[in-house]
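Examination of the molecular architecture
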Amino acid sequence: MSLATCVPLLRRSGKLAEFHSTLFGDSLNPVESADIVVSEGLCFGYGRQLVLEDVSFSIPEGESLCMIGPNGGGKSTLLKLMLGLLEPNRGSLSLFGKPADEACKQVGYVPQAVRFDPLFPITAIDIVLMGRLDRHRFGFYSKQCREVSLQALTEVGLEEFANRPFSDLSGGQRQRVLIARALACEPELLLLDEPTANIDLSVEEQFIETLASLKEKMTILMVTHDLDLISEIGDSVLCVNHRVHRHSLPLSGETIREIYSGVRRVEHDRRARHVHGDHSACDHD
Amino acid sequence: MEITPPVIMTEFFDAVQNIPLIRYALLAGIVSSLTFGVVGSFVVTRRIGYIAAAIAHSILGGIGAAIYFSRVYEIPWLTPMMGAVIAALLSAFVIGWVSLRAGEREDTIIGAIWAFGMASGLLFIHYAPGKAVSLESFIFGNILLTSRSDVIATVTLGAIILVLVGLFYHKLVAVCFDEEFARLRGVSSDAYYLLLLAITAISMVLMVRVAGIILSLALLVLPAATASRFSRKLWVIILVSIGLTFLYNTGGLALSFELDVPTGPFIVLVASLVYGLSFLLKRLVK
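Cut-offs applied
Residues numbered from 1 in each chain as written. Chains lettered and ligands numbered in written order. Predicted model: local features only at pLDDT ≥ 70, side-chain atom pairs only at ≥ 80, totals over all residues. Helix = DSSP H or I, 4+ residues; strand = E, 2+ residues; numbered from the N terminus. Buried ≥ 20, exposed ≤ 12 C-beta atoms within 10 Å, placed from the backbone. Contact = placed C-beta atoms within 7 Å. Pairing = 2+ DSSP bridges. Axes fitted to C-alpha atoms, helices over the stretch in contact; angles between N-to-C directions. Nonpolar A, V, L, I, M, F, W, Y, C, P; charged D, E, K, R; others polar. Right-handed = clockwise from strand over helix to strand, strands pointing away. pLDDT = per-residue confidence, 0-100. Core = buried A, V, L, I, M, F, W, Y, C linked by C-beta atoms within 7 Å.

**Structural notes on the overall build of chain B**
Across its full length, chain B holds eleven helices and zero strands. Dimensions of chain B along its principal axes, counting C-alpha atoms only, are 60 × 60 × 30 Å. Per-residue burial over chain B gives 48% buried out of 286 residues. Expressed as a percentage of contacts within chain B between residues at least 6 apart in sequence, the contacts between residues at least 24 apart total 76%.

Rendered as structure tokens:
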């Protein structure tokens, strides 16, 4: 990642940082009505080892937050907790003032496209229609569901690909179909898991444009390592490594370099650098 | 003008008109091609062929147990068919539960159920009093042994499967494609996965009747596998598999009768050949 890619990040005027340094026992704080996601003192582990410890942050409505951090730092776990697929061991995590698993209807989730069986016989529109499953009982999808789904495909620029098999689409198109599926849920919060991880550089710009247009309409939280994406879409950054720290944008070039050099080092030698959520590489309080 | 069937087939058409057994076999073949085409497409798409195979083998356990208990305790209503359905559903739920909850490797439990079903079936049949049970028709199948009650069972179970798939088609597809996302949309993914396994289990019971325990998997999987070489749309695959299964069942029955060869192996051989040819054909088309 060269410094040149960081330049737009510096130019961009970010929203005011809402740094909630909520610490232990701070749960008496009144929940701000504008906060869509509120996490307080959240701990989670698979078995004995804690993956996330004392995680406190909040996401105000309309913000675009990017989650960064080393592999194994707990980004995906945090995403799963927010989707209600996992339950926190301690602390609380609420979306729209409800526990995460009750709020999932208001959330649109975009997983990574590489996860799917490329031979699965299904068309783009049929995938998008899955976003309407909660409004569907049995038999055929309603006409309204079809209209909303086609609209969602149009929004990501793939309306003419509606009846193409998933396997015929490129990596970028597949990822956009999955975004359309999340949009068909008519969500208030969009969660994306490394949306540009498997996309050719040639189509990435177009892809970022799609996301930028969505940013105006809803709150977005995404896991990403893509500095272009962060600079174009992100309002602030959540560094997740066992614990979390929030950075507001614009960040200084120095900070970005330090975070990312930290991340890079961590990927090679996690134990030595980022043990127990050591954020020494991050420039924050 | 009267249409005369090809000379070679006259014997078969005579038999259809005069022998009820042949009529039942033909009817069972036609009806089950609908069920097998639909279920086979799901099994191939979701890649659970080996689960279907394990269920098929567990069926012998159910058949054996039903024969043993009905003879020892004189329970006349406990038919081999009923034992087969119970054993198939039971093993489907065990495999499903283990892969969803218990964290054991799925292939391990598949192997265990597979062998356990065969072993318990062989023992039950060995110790069953009364006249000796011929294993051959269970293991290799014999569509010509189809009785009137078999036809009724085939139609009833087939209808149940088709109605269930028809009602929950989109949910089943969604759970097969992306179980996690379906759950987020309020679909109980685990329940639908178990439903899919249950449907597969009942199909295997019907299938064992036609092709036997060992060959039934081929008849379930090969038509859908052939179809999915030419289409990437599930409903097209389903329709083509129904068509192919229909051809295999009826054509196989007629030809094997004419040529006087065992029906099950003959049908499976034809299905395998067509599947093999589909590779060749695809290459030629390209």
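Having seen the structure, we can now continue with the description.
**Description of the sheet that holds strand 6 (residues 107–110) of chain A**
Residue and element names in this part refer to chain A. The strand order 6-7-8-3-9-10 describes an open sheet built from six strands, whose pairing is mixed. Of all strands in the sheet, those with a lone pairing partner are strand 6 and strand 10 (243–248), marking the two edges. Direction aside, neighbouring strands of the sheet carry axes that sit 20° apart on average. In terms of strand pairing, strand 7 (residues 189–193) meets strand 8 (residues 219–223) through five bridges, oriented parallel.

**Quick notes on unusual backbone geometry**
Excluding glycine, most residues fall at negative phi; most peptide bonds, likewise, are trans. All names here are of chain A. Even without being glycine, aspartate 54 reaches a positive phi, approximately 50°. Looking at the element boundaries, aspartate 54 is found in strand 2 (residues 49–60). By C-beta crowding, aspartate 54 is classed as partly exposed, having 19 other C-beta atoms within 10 Å. In this structure, glutamate 194 is a non-glycine residue whose phi angle is positive, near 40°. For glutamate 194, the position within the fold is in the loop between strand 7 and helix 6 (201–215).

**Describing the interface of chain A and chain B**
On the side of chain B, 22 residues touch chain A, which itself brings 20 residues to the contact. Among the residues forming the side of chain A that touches chain B, the class breakdown is 13 nonpolar, four polar and three charged.

**Some words on the pairing of strand 7 of chain A**
Residues and elements named next belong to chain A. In terms of burial, strand 7 is a largely internal element, five of the five residues being buried. Because side chains alternate across strand 7, one face comprises the buried residues Leu189, Leu191 and Asp193, and the other comprises Leu190 and Leu192, equally buried. For strand 6 and strand 7, the ladder comprises four bridges, and the chain directions are parallel. Within the sheet, the bridge partner assigned to glycine 108 lies in strand 7 and is leucine 190. Chirality of the crossover, the property in question, places the unit of strand 7, helix 6 and strand 8 among those that are right-handed.

**Description of the confidence of the model for chain B**
Residue and element names in this part refer to chain B. Mean pLDDT for chain B: 88, with 97% of residues reaching 70 or above. Helix 3 (residues 49–72) holds the highest mean pLDDT among the elements of chain B, 94, whereas helix 1 (residues 10–18) holds the lowest, 78. Complex prediction metrics read pTM 0.84 and ipTM 0.86.

**Points about the nonpolar core**
Nonpolar side chains in soluble globular proteins tend to be buried together. Judged by nonpolar contacts, the single largest core of 167 residues is most densely connected at Leu191(A), Ile59(B), Ala88(B) and Leu219(B). Broken down by element, this core gets its largest block of residues, 25 residues, from helix 9 (residues 189–227) of chain B. With sequence-adjacent residues up to four places away left out, Leu191(A) is seen in contact with Leu79(A), Met82(A), Leu83(A), Val107(A), Tyr109(A), Val110(A) and Leu221(A).

**Let's talk about the confidence of the model for chain A**
Residue and element names in this part refer to chain A. Scored by pLDDT, chain A has a mean of 78; 75% of the residues are at 70 or more. Looking across chain A, the model is least confident in helix 9 (residues 270–273), with a mean pLDDT of 34, and most confident in helix 3 (residues 124–129), with 96. pLDDT under 50 marks residues 1–33. Its contacts with residues more than four places away, or in other chains, come to 51 contacts.

**Observations concerning the environment of Leu189(A)**
All names here are of chain A. Tracing the backbone shows leucine 189 in strand 7. Residue leucine 189 is classed as buried on the basis of its C-beta count, with 21 C-beta atoms lying within 10 Å. When the C-alpha positions of leucine 189 and valine 37 are compared, they lie 9.3 Å apart, and in sequence the two are 152 residues distant. Beyond its immediate sequence surroundings of up to four residues, leucine 189 is in contact with Ile36, Leu95, Gln106, Val107, Met218, Thr219 and Leu221.

**Some thoughts on the sheet that holds strand 2 of chain A**
Residue and element names in this part refer to chain A. If you trace the four strands from one edge of the open sheet to the other, you get 2-1-4-5, paired in antiparallel fashion. Only two strands of the sheet have a single partner each, and these edge strands are strand 2 and strand 5 (98–99). Pairing analysis gives eight bridges linking strand 1 (residues 35–46) to strand 2, with the strands arranged antiparallel. Opposite aspartate 35, over in strand 2, you have proline 60 as the bridge partner. Where helix 2 (residues 75–83) meets the sheet, its contacts fall on strand 1, strand 2 and strand 4 (90–95), and the angle it forms with strand 2 comes to roughly 60°.

**So, the environment of Ser241(B)**
Residues and elements named next belong to chain B. Tracing the chain through its elements places serine 241 in helix 10 (residues 234–259). Separated by 66 residues in sequence, serine 241 and valine 175 have C-alpha atoms that sit 21 Å apart. Each residue touching serine 241, except ones within four places of it in the same chain, is listed here: Gly37, Gly40, Ser41, Pro223, Ala224 and Ala227.

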